[in-house]
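Below are the chains, spelled out letter by letter.
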Amino acid sequence: MKVNLDINNRIYKTYIDADEALLSVLRKLGYKSVKKGCDTGACGVCSVLIDGKPTLSCQFLAARAEGHKITTVEGLGKDADEIVDAIVSEGADQCGYCGPSLVLTTYAMKKELKDPTIEKIKHYLAGNLCRCSGFEGQLRGIKRYMGVK
Amino acid sequence: MRFEKIVKPKNFETALKILKDDPDSVILGGTTFLRLSDKKYSTAIDLADLDLDYIIENEDNIEIGAYTSLRTIEKDTIINKHFGDLLPKAVEHIIGVQFRNNAKIGGAVFGRLGFSEIITALLVLDCELQFEENGIVPFAEFVSNWKIKRDILKKIVIKKKPGKCLYKMLRTSDADFPILSVAVSNFDEIKISVGTRPSIAKLSQEASRMINSDNSKIIEASNLIVKEFTFGDDMRASGKYREKIAPVLVSRALQEVLS
């Protein structure tokens, strides 16, 4: 079936299978920042923003994405740089596989949490699993980005 | 799950006709099982065009559309105003924000899943489900009765009542399924539900009767839960462990509700 997808403010006319996950389509279109991890909705590395809300692209049907604004980390521009700098400055970026999804979720969290605390940050990021950094370095950087001491 | 085509009906009548005419069709919820099953369907019915994503408060009820996400329910101020943190507590540990932004309350309810925490919580509210074909069905009746399989869940209607309610659970890991979940309410009478046993949540009859007849019998009623319910084994806990945990959670919940 043919769909029009709005990805990072660019319209793509593309053909998909009815049961194809958005993750698969994004990677076919060259958005390799969107990673395939567990592919079952548990690890969060496939996260993208759908109308500004972090969503697992492995569970989101591409056929349902038509009419919504899809944002990957490539679409965040300088906002992404600021988050990446905060994480890297704490030496937290190791293999980098979870990095793009963590940056996207942190970006959405900053917009959503009016009164961030360390507990709220941890809770918000519970769906982002990192296989190698142990989270502490990432959390230090994100706390600084969120303005939490 | 696999399917050959996806349709987006413009009204409920069309959606129900497709569902009834084609035994291999399926109604889509949040598609959280998209990659967890190889089951094949002919047609997937997407209700996204039927405006089922809402939370409305009217004079007597709160209505939740079947396509409302668990994350919306978690954050909603109307629900929180009337039922405290009962529903937010029942959904806030499900995987992560990304998952809950996509998972729908309709799918969580209609699937009658044993690990569903939201079913445990909704059971202690005065709650009804509205279906396209079967009309209005009391929530507890739907949960214990498997007759409704091919219908469209449109909304969940919760009656507003003064009183207290709360949710308690035990889990070993933040984003994993719980070992046990308990909800207690005190509106017209005290209701106790126990879920993720690991089978589907159920309302207590005997323990509820005891505590309603004498509010001081918290320990006795809590201990009765073990006799009243069956507790099974799964990879998270044994039935015997659940039997030890259940009276503790119920007792704590009753103490808080009755305080």
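Predicted model, so just to flag it, every value in this text is computed and none were measured.

Turning to the overall build of chain A, a few remarks are in order. The secondary structure content of chain A amounts to 6 helices and 5 strands. Ordered by position in the sequence, the α and β elements of chain A form the string β-β-α-β-β-α-β-α-α-α-α. In summary, chain A has a C-alpha radius of gyration of 15 Å against a globular reference of 15 Å for 149 residues, a match within 12%. Taking the principal axes of its C-alpha atoms as reference, chain A extends roughly 50 × 30 × 25 Å. Per-residue burial over chain A gives 54% buried out of 149 residues. Restricting to contacts in chain A with at least 6 residues of sequence separation, those with at least 24 account for 57%. Total accessible area computed for chain A in this model is approximately 6900 Å², and 50% of it derives from carbon and sulfur atoms. Side chains of chain A carry 22 positive and 18 negative charges; the gap between the two charge centres is 1 Å.

Size of an interface: often given as the accessible area lost when the parts come together. On the side of chain A, 28 residues touch chain B, which itself brings 31 residues to the contact. Remark: the boundary between chain B and chain A carries 4 salt bridges. Residue Asp 46 of chain B is joined to Arg 64 of chain A by a salt bridge in which the shortest nitrogen-to-oxygen separation is 2.9 Å. The interface formed by chain B and chain A contains 15 residue pairs in polar contact (both at pLDDT 80 or more). Of all the elements in the fold, those that place two or more residues in the side of chain B that touches chain A are β1 (2-7), α2 (70-75) and α5 (97-100) of chain B. Among the elements that line the side of chain B that touches chain A, the one with the most residues is β1 of chain B, at 5 residues. Residue classes in the side of chain B that touches chain A are distributed as 10 nonpolar, 9 polar and 12 charged.

What follows concerns the sheet that holds strand β10 (residues 180-186) of chain B. Residue and element names in this part refer to chain B. Read from one edge of the open sheet, 4 strands run β9-β10-β11-β12, paired in antiparallel fashion. Of all strands in the sheet, those bounded by a partner on one side alone are β9 (164-170) and β12 (202-203). Sheet topology places β10 next to strand β11 (residues 190-195); 6 bridges connect them, and they run antiparallel. Bridging across to β11, Asn 186 finds its partner in Ile 190. With respect to the sheet, helix α11 (residues 239-258) is in contact with β9, β10 and β11, its orientation differing from that of β9 by roughly 155 degrees.

Take Pro 54 of chain A: it is sitting in strand β4 (residues 53-56). Expressed as a C-alpha distance, the spacing of Pro 54 of chain A and Met 109 of chain A, which sit 55 residues apart in the sequence, is 8.8 Å.

Further remarks concern the domain arrangement of chain A. All names here are of chain A. Assigned domains within chain A: domain 1 (2-74) and domain 2 (77-146). On a C-alpha basis, the centres of domain 1 and domain 2 stand 21 Å from each other. Taking both partners together, domain 1 and domain 2 bury about 1200 Å²; carbon and sulfur atoms supply 65% of that area. Applying the counting rule to domain 1 against domain 2 returns 0 salt bridges. Where domain 1 touches domain 2, the interface holds 3 residue pairs in polar contact (both at pLDDT 80 or more). Broken down by element, the residue count for the side of domain 1 that touches domain 2 peaks at 3 residues, all from strand β3 (residues 47-50). Of the residues contributing to the side of domain 1 that touches domain 2, the split by class is 8 nonpolar, 7 polar and 3 charged.

Residue and element names in this part refer to chain B. Across all of its chains, the model carries 26 salt bridges over all chains by this definition. Across the salt bridge formed by Lys 20 and Glu 133, the nearest N and O atoms sit 2.8 Å from each other. You can see Lys 20 sitting in helix α1 (residues 12-21) and its partner Glu 133 sitting in the loop between β6 (127-131) and β7 (135-138), a full 113 residues away along the chain. Overall, the relative accessible area of 40% leaves Lys 20 in the partly exposed class. Accessibility expressed as a relative area gives 44% for Glu 133, which makes it partly exposed. Here Lys 160 and Glu 57 are joined by a salt bridge, their closest N and O atoms 3.0 Å apart.

Criteria and cut-off values
- Residues numbered from 1 in each chain as written.
- Chains lettered and ligands numbered in written order.
- Predicted model: local features only at pLDDT ≥ 70, side-chain atom pairs only at ≥ 80, totals over all residues.
- Heavy atoms only, no water.
- Helix = DSSP H or I, 4+ residues; strand = E, 2+ residues; numbered from the N terminus.
- Rg over C-alpha atoms; globule rule 2.2 N^0.38 Å.
- Buried < 20%, exposed > 50% of the residue type's maximum accessible area, 1.4 Å probe, protein only.
- Contact = heavy atoms within 4.5 Å.
- Areas by Shrake-Rupley, 256 points an atom, 1.4 Å probe, with all protein chains shown as cover.
- Lys, Arg positive; Asp, Glu negative; His and termini not counted.
- Charge placed at Lys NZ, Arg CZ, Asp CG, Glu CD.
- Salt bridge = Lys/Arg side-chain N within 4 Å of Asp/Glu carboxyl O.
- Polar contact = N/O pair within 3.5 Å; in protein donor to acceptor, adjacent residues only side chain to side chain.
- Nonpolar A, V, L, I, M, F, W, Y, C, P; charged D, E, K, R; others polar.
- Pairing = 2+ DSSP bridges.
- Axes fitted to C-alpha atoms, helices over the stretch in contact; angles between N-to-C directions.
- Domains from an automatic or database assignment.
- Buried area = accessible area lost by both parts, 1.4 Å probe.

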